[in-house]
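# Structural description and commentary
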Amino acid sequence: MSVNTTDRLGARAPSRAEVRRRARGVSHARTGYLFVAPFMLVFLGLLVLPLAYAAYLSLFQERLIGGTVFAGLGNYTRALTDPRLLHGVGRVGLFFLIQVPIMLAIALFAALAIDSGLLRVAKGFRLGIFLPYAVPAVVATLMWGYLYGQDFGLFAQLADKLSLSPPKFLSSDWMLGSIANIVTWEFTGYNMIILYAALRAVPHDLYEAAAVDGAGAIRTAWSIKIPALRPALLVCLIFSVIGSFQLFSEPQLMQRLAPSVIDGGYTPNLYGYTLAFTGQEVNYAATVSFLLGAVIVVVSYAVLFVTTRRSRS
């Protein structure tokens, strides 16, 4: 007697091999979910839930009379007209426009110099540029703060030896540039490593073709290497946008050296910290944090849109 492998509607019943294959696929899918589960738990616990709680806090206000009351969008309306917050956002925007191009230009030049093979101590040069990134931001800021000191700093001592007036690195006119110098010193090596890794992925056939055509080192760098670095430069630029608008450690530590120059609202991140832990305005601090995140998203998208559009054209 033959075995009927079709049902009453004429559809073929799955064979044993197909059943085993499907069961194996389900098993692999479950294994994949198990591997992803730790990340999802950490992602939910350390990012999604805190963001949801901060969003909840931003909708309330704590008053002397009446306690905590629902404010709706009142905190957001206040933040959008807060001069300290607006000045802080404008300050970090200016910081981004000045500091980031200089830092990326230095990182690009260093990556091209290392990749050219013309440096005799390329490994030492690469390590020397990357080493400041391994120094914690707190240590780097304290170190540079000592060098900036007008009474005890190294630059002031050198100026005194030369009978010159000490440079005012901690004055209101120089402070943003002084912080930009610290950040550039810290993160140039980080961006250089990203760009150098992207250069190592460029096919050597392009270099050989350029050499056959008679292109020199500068022409090869301009026509082959730099165009190949556009995706890596875009990544560095997006990271720099996030880092610039989240500027906190450097001004927070420099505030102790120049309290009359750096106040609690010098940067948006510092302003939110001051509101939460000094002014005890937790609800308004959550609102400032959310608006800062929105500014970072908008600026990052604008940078991504402009650079992508230019690369296509």
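Structure first, text after, so check above.
## Remarks on helix α7 (residues 175–200)
What sets the pattern is the α-helix's 3.6 residues per turn: residues three or four places apart point alike. Taking 1.5 Å of rise per residue, 26 residues should cover 38 Å, and α7 covers 38 Å from first to last C-alpha, within 8% of that figure. Residue F187 marks the point of greatest curvature in α7, where the axis turns by about 40°.

## Thoughts on the packing of aromatic side chains
Remark: the centre distance and the inter-plane angle together describe each pair of aromatic rings, the angle taken between the planes. This structure, assessed with the given rule, holds 18 aromatic pairs. Ring geometry for Y301 against F305: centres 6.3 Å apart, planes inclined by 20°, an arrangement best described as stacked. Taken together, the residues span about one helical turn, with Y301 and F305 both in helix α13 (residues 282–312) at a distance of four residues. You can call Y301 exposed: its relative accessible area is 56%. An aromatic cluster is built from W144, Y148, F155, F169, W174 and W185, whose rings are joined through pairwise contacts. A cation over a ring is seen here: R91 above Y266, with NZ or CZ 4.4 Å from the ring centre.

## Concerning the nonpolar core
Judged by nonpolar contacts, the single largest core of 28 residues is most densely connected at L104, A111, M192, L195, L229, L237 and F245. With eleven residues, the single largest contributor to this core is helix α3 (residues 83–116). Apart from the residues lying within four places of it in its own chain, the contact partners of L237 are F96, V100, L104, V303 and T307.

## Observations concerning the pattern of salt bridges
Within this structure, the stated rule accounts for four salt bridges. The residue E281 makes a salt bridge to R78 at a minimum N-O spacing of 3.2 Å. Here R78 lies in helix α2 (residues 74–80) and E281 lies in the loop between α12 (268–277) and α13, a separation of 203 residues in the sequence. Among the residues examined, R78 registers a relative accessible area of 38% and is labelled partly exposed. K225 is the partner of D115 in a salt bridge, and the nearest nitrogen-oxygen pair spans 3.0 Å. Separated by 110 residues along the polypeptide, D115 in helix α3 and K225 in helix α9 (residues 217–228) bring together distant segments of the chain. The exposure class assigned to D115 is buried, which follows from its relative accessible area of 12%. Looking at K225, the relative accessible area reads 9%, which means it is buried.

Rules behind the numbers
Residues numbered from 1 in each chain as written. Predicted model: local features only at pLDDT ≥ 70, side-chain atom pairs only at ≥ 80, totals over all residues. Heavy atoms only, no water. Helix = DSSP H or I, 4+ residues; strand = E, 2+ residues; numbered from the N terminus. Expected span 1.5 Å × (residues − 1). Bend = angle between axes of the 7 residues up to and from the residue. Phe/Tyr/Trp six-rings, centres within 6.5 Å; stacked < 30°, edge-to-face > 60°. Buried < 20%, exposed > 50% of the residue type's maximum accessible area, 1.4 Å probe, protein only. Lys NZ or Arg CZ within 6 Å of the ring centre and 35° of its normal. Core = buried A, V, L, I, M, F, W, Y, C linked by side-chain atoms within 4.5 Å. Contact = heavy atoms within 4.5 Å. Salt bridge = Lys/Arg side-chain N within 4 Å of Asp/Glu carboxyl O.

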